[in-house]
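# Coordinate analysis (summary)
Residue strings, one per chain:
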Amino acid sequence: MIDEALREINRGSAEIIDLERIEKLLKAYFEEGKTYTVKAGFDPTAPDLHLGHTVLLQKLATFQKYGARVQFLIGSFTAMIGDPTGKSATRKVLTKEDIVQNIESYTSQAFKILDKEKTDIVYNNEWLDELGAAGMLELASNLTVARMLERDDFSKRYASNTPIAVSEFMYPLLQGYDSVYLKSDIEIGGTDQKFNLLMGRQLQKSYDVKKQQAVLMMPILEGLDGVQKMSKSLGNYIGVSDKANDMFGKVLSISDDLMWRYYELLSTKSLDEIAALNKGVQEGTLHPKKVKEDLALEITARFHNEEAAKAAKAEFEKVHAKSEIPTDINEFECDGEIWIAKALVDCNIEPSTSQARRDIKQGGVKINQEKISDMQLQLTSGEYLLQVGKRKFAKLKVN
């Protein structure tokens, strides 16, 4: 059982520091029934999650399967500083109202993956508010400015004379102190968080916690393009709150190669089950499209339900295989004639007028199921069915 647990815990990970400690914790669980704690911090900097955010949640759920209690840490204090990791400028500070709103979104989505009975939601303002000036100064004494400037993001900003707030230097220390207060056994995070995660180990030693947390880092999930990291700003994301039809269609749009990456990081299927699917595709006994459909069904059902996932599959087949129009299309209105590119943006089926022009030029835009090529087209009074590609539709009434 320990070997199986280690395989699943190792699965998809980019780096593990102190694997021996994880092995000891698993051994104590299987032989003595002792639970252990796994911490993951989430700064509620935005209300909308995408599948890239859920990679950590999937790993936490794996640990729960093998005896862990999850410390689901909401960075209610640190979010008001903002994590500087990978940032080229000082981040906007969130208000308490922003944080409360975003926390509700995080937790409601998290429990679609995590076992609520094995999860402790903790807020770091509960102990960081009490740290006080003396506590902050003691904490700050554990890290030198020279060491902080070794970080790539800070060194680049320093070299280019881009301002760095002193409060940003405090962020990794505060994240590390969370591990001191919670006495965490393991902490997980993305590969971009390595400096902050190791700070937890260092501070547990400095504060004589009698343990040093193991660290497990997960890779950053690639977006739909298979190249850039999944990001809302890049438009290559699958939102956790996407409609079932959109979620299903987006998963099916990924490449066959990227599909296996998503299976590894996002599926609850075992490694042996995934290997069997891969073997079936390689040997020609399974079609990649069918395997991808199964993945799309699994992910859509997780964030909606099985019935919604099956309905999304049927709708996808109706629109794509049979070239029919979707059942549910958003409707919009405008007063006076409107430029086609602006209409596509206003109807939320294009991100920008420049992208709309490119799609028109490439023959990817239809009006009333007829391709158009005029990038300067003005839509006058009437009703229009707008379409971009195979999946994006909108109805527009021009008054």
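Scoring rules and cut-offs
Residues numbered from 1 in each chain as written. Predicted model: local features only at pLDDT ≥ 70, side-chain atom pairs only at ≥ 80, totals over all residues. Heavy atoms only, no water. Helix = DSSP H or I, 4+ residues; strand = E, 2+ residues; numbered from the N terminus. Contact = heavy atoms within 4.5 Å. Polar contact = N/O pair within 3.5 Å; in protein donor to acceptor, adjacent residues only side chain to side chain. Phe/Tyr/Trp six-rings, centres within 6.5 Å; stacked < 30°, edge-to-face > 60°. Buried < 20%, exposed > 50% of the residue type's maximum accessible area, 1.4 Å probe, protein only. Lys NZ or Arg CZ within 6 Å of the ring centre and 35° of its normal. Patch = residues over 30% accessible without salt bridge, like charges linked within 9 Å, V, L, I, M, F, W, Y side chains within 5 Å. Areas by Shrake-Rupley, 256 points an atom, 1.4 Å probe, with all protein chains shown as cover. Salt bridge = Lys/Arg side-chain N within 4 Å of Asp/Glu carboxyl O. Lys, Arg positive; Asp, Glu negative; His and termini not counted. Charge placed at Lys NZ, Arg CZ, Asp CG, Glu CD. pLDDT = per-residue confidence, 0-100. Pairing = 2+ DSSP bridges.

Turning to the environment of glutamine 175, a few remarks are in order. Mapped onto the secondary structure, glutamine 175 falls in helix 9 (residues 166–182). Each C-alpha atom of the pair glutamine 175 and threonine 78 lies 7.6 Å from the other, and the pair is 97 residues apart in sequence. For glutamine 175, the residues in contact, after removing those within four places along its chain, are Lys39, Glu187, Gln193, Asn196 and Leu197. Within the structure, glutamine 175 has its side chain in polar contact with the side chain of glutamate 187 (distance 3.4 Å).

Following the criterion strictly, the structure yields 9 aromatic pairs and no others. Here tyrosine 177 and tyrosine 207 contribute two aromatic rings whose centre-to-centre distance is 5.5 Å and whose plane-to-plane angle is 75°, an arrangement assigned as edge-to-face. Remark: tyrosine 207 occurs in the loop between helix 10 (194–206) and strand 6 (214–218) and tyrosine 177 occurs in helix 9; sequence separation between them is 30 residues. The partly exposed category is assigned to tyrosine 207, whose relative accessible area is 23%. Connected via pairs of aromatic rings, a cluster forms that spans Tyr29, Phe30 and Tyr66. We note lysine 116 situated over the ring of phenylalanine 111; from NZ or CZ to the ring centre the distance is 5.4 Å.

A contiguous patch of negative charge, built from Glu331, Glu333, Asp335 and Glu383, is present on the exposed surface. By the secondary structure assignment, glutamate 333 is in strand 7 (residues 331–334). By relative accessible area, glutamate 333 is classed as exposed at 58%.

Another aspect to go through is the confidence of the model for the chain. Here the chain averages 89 in pLDDT, while 94% of its residues score no lower than 70. Note on residues 83–91: pLDDT under 50 across the span, and 31 contacts to partners over four residues away in sequence or across chains.

Of all 7 residues making up strand 2 (residues 36–42), 6 are buried, and the element is well covered by its neighbours. Here 7 bridges tie strand 2 to strand 3 (residues 68–74), and the two strands are oriented parallel to one another. Across the sheet, tyrosine 36 pairs through a bridge with alanine 68, a residue of strand 3. Of the strand pairs in this sheet, strand 2 and strand 5 (residues 186–190) are connected by 2 bridges, and their pairing is parallel. Along strand 5, the bridge assignment pairs valine 38 with isoleucine 186.

Our focus in this paragraph is the pattern of salt bridges. A complete count under the given rule lists 23 salt bridges for this structure. A salt bridge links aspartate 18 to arginine 201; its shortest N-O distance comes to 3.4 Å. Linking aspartate 18 in the loop between strand 1 (15–17) and helix 2 (19–32) with arginine 201 in helix 10, this pair joins segments that are 183 residues apart in sequence. Take aspartate 18: its relative accessible area is 29%, and that puts it in the partly exposed class.

You will see that lysine 210, though not glycine, has its phi angle at about 75°, which is positive. Looking at where lysine 210 falls in the secondary structure, it is placed in the loop between helix 10 and strand 6.

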